[in-house]
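Architecture at a glance
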Amino acid sequence: MQIWQQTILLPAYSRGFHLITRIVEQEFTDLRRIKAGVLQVFIQHTSASLTINENVDPTVRGDFERFFNRTVPENAPYYQHDYEGSDDMPAHLKAALLGHSVQIPITNGQLNMGTWQGIYLGEHRNDGGRRRLIVTAWGTE
């Protein structure tokens, strides 16, 4: 078994949910070498998240954003951590709910996800900036 690891710097995205599957596949070139294994994608930020969901219909990503904005509202009177603006604490809570990593099987050099699955970046800040991913794969060539 071998281990591969690489850092991927994502472009800045607007607030919302964005498909990043293709970026991960294109940037992590060692993926093609792995016959059988697992890929972990980890985001090094506390106000953005990763999850796997519907990769075709963009209304799903809009529904995700609306659901989380309603579930974790801005300007709640009980927030104390608001040093960086009204989206600061809600961004941390949304990231905690969704998580900071996903794991995906690798089969014959490709991510082995379902037909309608893709990797989402949840950008929970109005101006989150560029986000850094650490991708780690282990498996056999």
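Here's a quick rundown of the structure. (Residues numbered from 1 in each chain as written. Predicted model: local features only at pLDDT ≥ 70, side-chain atom pairs only at ≥ 80, totals over all residues. Heavy atoms only, no water.)

Thoughts on the overall build of the chain
Looking only at helices and strands, the chain has 3 helices and 8 strands in total. For 141 residues, the compact-globule estimate of 2.2 N^0.38 gives 14 Å, and the chain sits close to it at 16 Å. In terms of overall dimensions, the chain has a C-alpha envelope of 55 × 30 × 20 Å along the principal axes. The 141 residues of the chain split such that 42% are buried. Here the analysis covers contacts within the chain between residues at least 6 apart in sequence; of these, 80% occur between residues at least 24 apart. Here the chain displays about 7700 Å² of accessible surface, and carbon together with sulfur accounts for 49% of that area. Placing the 13 positive and 15 negative side-chain charges of the chain at their respective mean positions leaves the two points 4 Å apart. (Helix = DSSP H or I, 4+ residues; strand = E, 2+ residues; numbered from the N terminus. Rg over C-alpha atoms; globule rule 2.2 N^0.38 Å. Buried < 20%, exposed > 50% of the residue type's maximum accessible area, 1.4 Å probe, protein only. Contact = heavy atoms within 4.5 Å. Areas by Shrake-Rupley, 256 points an atom, 1.4 Å probe, with all protein chains shown as cover. Lys, Arg positive; Asp, Glu negative; His and termini not counted. Charge placed at Lys NZ, Arg CZ, Asp CG, Glu CD.)

Considering the pattern of salt bridges
In the structure shown here, the tally under the stated rule is 9 salt bridges. Arg15 serves as the salt-bridge partner of Glu65, at 3.3 Å between the closest nitrogen and oxygen. One end of the pair, Glu65, is in helix H2 (residues 58–71); the other, Arg15, is in the loop between strand S1 (2–9) and strand S2 (16–19), with 50 residues separating them in the sequence. Residue classification places Glu65 among the buried residues on the basis of a relative accessible area of 13%. The partly exposed category is assigned to Arg15, whose relative accessible area is 22%. Between Asp88 and Arg125 there is a salt bridge, and its shortest N-O distance comes to 3.5 Å. Here Asp88 is found in helix H3 (residues 88–98), whereas its partner Arg125 is found in the loop between strand S7 (117–123) and strand S8 (132–140), with 37 residues between them in sequence. As far as the burial class goes, Asp88 and Arg125 line up, both buried. Put simply, Glu84, Asp87, Asp88 and Arg125 are held in one network by salt bridges that share partners. (Salt bridge = Lys/Arg side-chain N within 4 Å of Asp/Glu carboxyl O.)

Quick word on the sheet that holds S7
Note on sheets: strands pair through backbone hydrogen bonds, and any given pair is parallel or antiparallel. In space, the 3 strands of this open sheet follow the order S2-S7-S4, with antiparallel pairing throughout. Each edge of the open sheet is held by one strand with a lone partner, namely S2 and strand S4 (48–54). Averaged over all neighbouring strand pairs, the angle between strand axes comes to 35 degrees, with direction disregarded. Across the sheet, H2 touches S2, S4 and S7, and the angle it forms with S2 is around 150 degrees. The strands touched by H3 are S2 and S4; relative to S4, the strand with the most contacts, the crossing angle is about 45 degrees. (Pairing = 2+ DSSP bridges. Axes fitted to C-alpha atoms, helices over the stretch in contact; angles between N-to-C directions.)

Focus on the side chain of His18
Among the structural elements, His18 can be located in strand S2. Relative accessible area serves as the criterion here: at 16%, His18 is assigned to the buried category. Polar side-chain contacts of His18 include one of 2.7 Å to the backbone oxygen of Ser14. What His18 contacts, discounting residues up to four positions off in sequence, is Tyr13, Arg61, Ile119, Tyr120, Leu121 and Glu123. (Polar contact = N/O pair within 3.5 Å; in protein donor to acceptor, adjacent residues only side chain to side chain.)

What to know about the nonpolar core
Core analysis: the largest hydrophobic core is formed by 24 residues, its most contacted members being Ile20, Leu39, Val41, Ile119 and Leu133. Taken together, the elements giving at least two residues each to this core come down to S1, strand S3 (36–43), S4, strand S5 (101–107), S7 and S8. Once you skip the residues sitting within four places of it in the chain, Ile119 turns out to touch His18, Leu19, Ile20, Thr21, Val24, Val41, Thr51, Val102, Ile104, Leu111 and Met113. Judged by nonpolar contacts, the second largest core, of 6 residues, contains Phe64, Phe68, Leu98 and Tyr120. (Core = buried A, V, L, I, M, F, W, Y, C linked by side-chain atoms within 4.5 Å.)

The values reported here are purely geometric and, on their own, carry no functional implication.
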